[in-house]
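Examining the three-dimensional arrangement
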Amino acid sequence: MGPSRSNRGSRRPRNRAEEPVLHGTWTEEELRATVSAYLAMRTMEQNGIPFVKKRYYTELANQFGRTEKAFEYRMQNISYICALLGRTWVSGLKPAKNVGPHNAPIIERLLCELDGQPYTGKAAFEHQVSRYQTKPVLPTPIGIQEPQQRYATNTSYGRDPKVKAWVLMTAAGHCESCAQPAPFHATTGDAFLEVHHLRTLAEGGSDTISNTVALCPNCHRELHYGVNQAQKREALYQALPRLVRE
Ligand SMILES: [Zn+2]
Ligand SMILES: [Zn+2]
């Protein structure tokens, strides 16, 4: 699988003993350091600790011999991968799509590894979807008759069923974001709402009623992927006194 590789990333590996190369292929080491710096900034932002992005770019630029701008742009690529994964991204680093088919899976893998999450290839897959959608002509694809199972594992967290029950009972069949009734009833007879952690468990959020809301599927997806996710999240903190920022 995979789209035809662009030839942009296929230069010979650069030698750091020579002059700094500004464009060539990024090494795993460079990408790892960049993702790591990105996650450090994200943690500080989430904890309300002030930080200066430029300092990180400067440090990386000195370490690897690329421009600060190159690292800033790479960070925006990382925001894009985070956005595809439905994870929080650093607010000042607007997601930039053109990651390149070579780097997207590497960045995703590093993000998952450094974040303690299983790598599923989801972002790299969505990135390919996005790239194919920009093609002027996309012939009807043959598809895969028998897709092979590739990723059987998933991280799960020991959650408290009482928290979910309490939040659902409090929501009483209405989305706590848009206040609309649940869009349908599940086969079990229950009004169908999803439970969402405002600070995700993967990001160290707690499984408590002060971090959890019950949402209709639309609002839930919007909180993960929507362009107005920050405002929507803020509105929940304003509307529900039980919620506490983590
Ligand atoms: Zn809703
Ligand atoms: Zn969620």
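One can find the structure itself at the top, above this paragraph.
Okay, so let's go over this structure. Keep in mind that this is a model prediction, so the values were computed, not measured. (Residues numbered from 1 in each chain as written. Chains lettered and ligands numbered in written order. Predicted model: local features only at pLDDT ≥ 70, side-chain atom pairs only at ≥ 80, totals over all residues. Heavy atoms only, no water.)

**Some thoughts on the overall build of the protein chain**
Across its full length, the protein chain holds 8 helices and 2 strands. Listing each helix as α and each strand as β along the protein chain from the N terminus yields α-α-α-α-α-α-β-β-α-α. Taking the intrachain contacts of the protein chain between residues at least 6 apart in sequence as the baseline, contacts between residues at least 24 apart amount to 60%. Summed over all atoms, the accessible surface of the protein chain reaches about 14700 Å², with 55% contributed by carbon and sulfur. (Helix = DSSP H or I, 4+ residues; strand = E, 2+ residues; numbered from the N terminus. Contact = heavy atoms within 4.5 Å. Areas by Shrake-Rupley, 256 points an atom, 1.4 Å probe, with all protein chains shown as cover.)

**Thoughts on the packing of aromatic side chains**
To describe a pair of aromatic rings, you give the distance between the ring centres and the angle between the ring planes. Here the structure, examined in full by the defined rule, presents 3 aromatic pairs. Their ring planes at 70 degrees and their centres at 5.2 Å tell us that Trp26 and Phe71 sit as a pair that is edge-to-face. Here Phe71 lies in helix 3 (residues 68–84) and Trp26 lies in the segment before helix 1 (28–46), a separation of 45 residues in the sequence. Comparing Trp26 with Phe71, the two get one shared label, buried. A centroid spacing of 4.8 Å and a plane angle of 20 degrees characterise the contact between Phe184 and Phe192, whose relative ring orientation is stacked. Joined through ring pairs, the aromatic side chains of Trp26, Phe64 and Phe71 make up one cluster. Sitting over the face of the ring of Trp26, Arg74 holds its NZ or CZ atom 4.5 Å from the ring centroid. Against the face of Tyr237 rests Arg245, its NZ or CZ located 4.4 Å from the ring centre. (Phe/Tyr/Trp six-rings, centres within 6.5 Å; stacked < 30°, edge-to-face > 60°. Buried < 20%, exposed > 50% of the residue type's maximum accessible area, 1.4 Å probe, protein only. Lys NZ or Arg CZ within 6 Å of the ring centre and 35° of its normal.)

**A short note on the pairing of strand 2 (residues 212–215)**
A regular strand places its side chains on the two faces of the sheet in alternate fashion. Across the two faces of strand 2 the burial is the same, with Thr212 and Ala214 and Val213 and Leu215 all buried. Summarising the sheet, strand 1 (residues 194–197) and strand 2 pair through 4 bridges and their orientation is antiparallel. Its bridge partner lying in strand 2, Glu194 is registered against Leu215. (Pairing = 2+ DSSP bridges.)

**Describing the coordination of the zinc ion (ligand 2)**
Protein ligation of the zinc ion (ligand 2) involves His196 (ND1), His220 (NE2) and His224 (NE2), the donor distances falling in the range 2.1 Å. Mapping the donors of the zinc ion (ligand 2) onto the primary sequence yields the spacing H-x23-H-x3-H. Placement of the pair is His220 and His224 together in helix 7 (residues 217–225), with a separation of 4 residues, close to one helical turn. Classification of His220 as buried rests on a relative accessible area of 9%. His224 gets classed as buried once you look at its relative accessible area, which sits at 17%. (Donors = N, O, S within 2.8 Å, 3.2 Å for Na, K, Ca; no water.)

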